[in-house]
Amino acid sequence: YKKTGDKIEKDEILFEISTDKVDTEVPSPEAGTVAEILVAEQETVEVGTVVAKIATEGNYVHIQEPVVAKTVSEEKPKAPAQMHNNFDKGSADDFNIVKEKSDKFYSPLVMSIAKKENITFDELESIKGTGQGGRVTKKDILSYHENRAAKKVESTPKVPDKITASARVKDPVIISSASGDVEKIEMDNIRQKIMQHMVRSRDTSVHVSAMIEVDMSKVHNFIKDNKDEYLKREGVKLTYMAFIAHAAVKALKEYSLLNSTIDGTTILKKKYINLGIAVAIQPTGLIVPNIKNAGEKNILGLGRAISDVAVRARNKKLTPDDISNGTFTITNYGVFGTIFGTPIINQPEVAILGVGVVEKKPVVVEVEGMDMIAIRPIMSLTLSHDHRLIDGMLGGIFLKFIKDTLENFEAGSV
């Protein structure tokens, strides 16, 4: 968000990083002047790399990438490219020209793309930037390049629909779509990571899913009767998720094998519960921050924690630690009206709980020995588990435990 020579205040946002499934804004630790930027936009570097220097009364403050907590399954990072080679060697003259002819700032990445695609400086100046302060971003220059290429293609004479057997085409001719109804969209970093993560999970875990229906009457009635009081007194909005999370935590304590990971032929059973809560972020995708030591929290504590991670996820305030070392995940697709689904396991965990919408349904209940039809708030829970470790029997018992906990909810557990 700054360029060399810019003033910056303490805690003002200096840059943003994209790591595995999280975007994080990094504030400046000190006030001063940006003296040097060592890493270009869109460049991948090792954790701990110095990316910038800030001058404060004659002293330099080195700004480093935040340290990402290591997980058991994390691969050793590849050695980064030499940091000072990231500014294309052949573009030094281009930077001097920009400084002389324009007061606009162009990142090294944008300049590199411009040089590669033969985009002139005058063309670069004509591009309307969508970045901060009208800066030209990678997306802007790539979009300009695609549009320019499309115009060139449209001006190319069309090839006849039919050619004789003796006709020869010396050079291939590209024919553009006349309707123009296909839009090319470059995946952002998070979408690419989600794609890779899902494929890896599919190819690693043997997915099995089981579903159970839960009568949420007691929880539903408690929320209806007490939500205003708890919001006023405790500042917590009571939702189904807090009760479901609490029931899942109790089940994980009872059946701790579901709170494990697999390392080769070794089972790593965790004594702590870091409960992942899937948060939908538009248009980015899905982020799964986790609540550390969820086993030590009651329903109200879990309600506060779920609200906190959801708000911070949507405001890009998560840290890399927030998405590291999860042990079990809950995904709530019921908020979109979905009845049930078959979620994909969040690696390297061995199970994930899917929560469907709570909706009123006719069910058979027994009243004084008589079967009757009643209207009850019913919810479907789906457990996807890794059959390499969790067999159908254990998965079924685990789900039944959560069902019994929710259906026999007692107000004292809040």
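As shown above, the structure is provided for reference.
So, here is what we can say about the structure in this document. The residue numbers shown here count from 1 along each chain, following its written sequence. For this predicted model, a pLDDT threshold of at least 70 governs which residues receive local features, and a threshold of 80 or more governs which side-chain atom pairs are given and counted, while totals over whole chains, interfaces and linings are taken from all residues. Just so you know, side-chain values use all the structure's heavy atoms and leave hydrogens and water out.

Quick notes on the overall build of the chain
Strands are runs of DSSP state E lasting at least 2 residues, helices are runs of H or I lasting at least 4, and numbering of each runs from the N terminus. Within the chain, the secondary structure is distributed over nine helices and 17 strands. Burial status follows relative accessibility: with a 1.4 Å probe on protein chains alone, a residue under 20% of its type maximum counts as buried, one over 50% as exposed, and anything between as partly exposed. Here the chain holds 414 residues, and 39% of them are scored as buried.

Here we look at helix 6 (residues 217–233)
Taking 1.5 Å of rise per residue, 17 residues should cover 24 Å, and helix 6 covers 24 Å from first to last C-alpha, within 8% of that figure. Residues of helix 6 that are buried sit in contact with strand 7 (207–215), helix 7 (240–254), helix 8 (299–314), strand 17 (370–386) and helix 9 (392–407). Trailing helix 6 by a residue or two, Gly-235 shows a phi angle of about 70 degrees, which is positive. Expected helix span is computed as 1.5 Å times (number of residues minus one). Between two residues, a contact is recorded if the distance between any of their heavy atoms is within 4.5 Å.

Here's the deal with the pattern of salt bridges
Between Lys or Arg on one side and Asp or Glu on the other, a salt bridge is scored when a side-chain nitrogen of the former is within 4 Å of a carboxyl oxygen of the latter. In this structure the tally under the stated criterion is 16 salt bridges. Of the charged contacts in the structure, one is a salt bridge between Asp-215 and Arg-376, with a shortest N-O distance of 3.0 Å. With Asp-215 in strand 7 and Arg-376 in strand 17, this pair connects stretches of sequence that are 161 residues apart. The class for Arg-376 is partly exposed, based on a relative accessible area of 28%. Between Asp-308 and Arg-312 there is a salt bridge, with the nearest N and O atoms lying 3.1 Å from each other. Remark: Arg-312 and Asp-308 occur in helix 8; sequence separation between them is four residues, near one turn of the helix. Since its relative accessible area comes to 37%, Asp-308 is described here as partly exposed. The exposure class of Arg-312 is partly exposed, given its relative accessible area of 21%.

Quick look at the packing of helix 7 against helix 9
Two packed helices can be described by the angle between their axes and the distance between those axes. At a closest axis distance of 9 Å, the pairing of helix 7 and helix 9 adopts a crossing angle of 135 degrees. As far as their axial angle goes, helix 9 and helix 7 are oblique. Pair helix 7 / helix 9 crosses with right-handed handedness. Contact residues: Phe-243, Ile-244, Ala-247, Ala-248, Lys-250, Ala-251, Leu-252 and Glu-254 in helix 7; Phe-398, Phe-401, Ile-402, Thr-405 and Leu-406 in helix 9. Fitted lines through C-alpha atoms serve as axes, helices being fitted only where they are in contact, and the angles separating the N-to-C directions of these axes extend from 0 to 180 degrees. In this scheme, roughly parallel covers angles under 35 degrees and roughly antiparallel covers those over 145, while 65 to 115 is roughly perpendicular and the rest are oblique. Here a crossing is called left-handed whenever its near helix is offset anticlockwise from the far helix by less than a right angle, and right-handed whenever the offset is clockwise.

A few points about the side chain of Asp-140
You can see Asp-140 is positioned in helix 4 (residues 138–154). When charges are counted, neither His nor the chain ends are considered; positive counts come from Lys and Arg and negative counts from Asp and Glu. It is Lys-139 that comes nearest to the buried, bridge-free Asp-140 among opposite-charge side chains, at 7.0 Å. In protein, a polar contact requires one atom able to donate a hydrogen and another able to accept it; more generally it is a pair of N or O atoms within 3.5 Å, and residues adjacent in sequence count only if both atoms are side-chain atoms. A distance of 3.0 Å separates a polar atom in the side chain of Asp-140 from the backbone nitrogen of Thr-137. Contacts of Asp-140, omitting those with residues within four sequence positions, involve Ile-127, Lys-128, Gly-129, Thr-130, Gly-131 and Arg-135.

Here's the deal with the nonpolar core
As used here, the term nonpolar core means buried Ala, Val, Leu, Ile, Met, Phe, Trp, Tyr and Cys residues forming a set that is joined through side-chain atoms within 4.5 Å. Counting 48 residues, the largest nonpolar core has Phe-243, Phe-328, Ile-330, Leu-353, Leu-381, Ile-402 and Leu-406 as the members making the most contacts within it. Ranked by residue count, the leading element in this core is helix 7, at ten residues. If we ignore the near neighbours within four places in the chain, the residues touching Leu-406 are Val-214, Met-216, Val-219, Phe-243, Ile-244, Ala-247, Met-379 and Leu-381.

Concerning the packing of aromatic side chains
Aromatic pairs are defined between Phe, Tyr and Trp rings, using the six-membered ring for Trp, whenever the two ring centres lie within 6.5 Å; interplanar angles under 30 degrees are classed as stacked, those over 60 as edge-to-face, and all others as tilted. Throughout the structure, instances matching the rule amount to six aromatic pairs. Measuring from ring centre to ring centre gives 5.2 Å for Phe-222 and Phe-409, while their planes differ by 70 degrees; the resulting arrangement is edge-to-face. Of the two residues, Phe-222 is situated in helix 6 and Phe-409 in the segment after helix 9; the sequence distance between them amounts to 187 residues. Since its relative accessible area comes to 10%, Phe-222 is described here as buried. Aromatic pair Phe-243 and Phe-409: ring centres 5.3 Å apart, planes at 85 degrees, arrangement edge-to-face. You can see Phe-243 sitting in helix 7 and its partner Phe-409 sitting in the segment after helix 9, a full 166 residues away along the chain. Accessibility expressed as a relative area gives 3% for Phe-243, which makes it buried.

Let's talk about the pairing of strand 9 (residues 266–269)
The pairing criterion is simple: DSSP has to find at least two bridges between the two strands. Bridge analysis of strand 8 (residues 260–263) against strand 9 gives four bridges, and the strand direction is antiparallel. Opposite Ile-262, over in strand 9, you have Ile-267 as the bridge partner. Linking two consecutive strands that pair antiparallel, namely strand 8 and strand 9, is a turn of two residues; a positive phi of about 70 degrees is found at Gly-264 within it.

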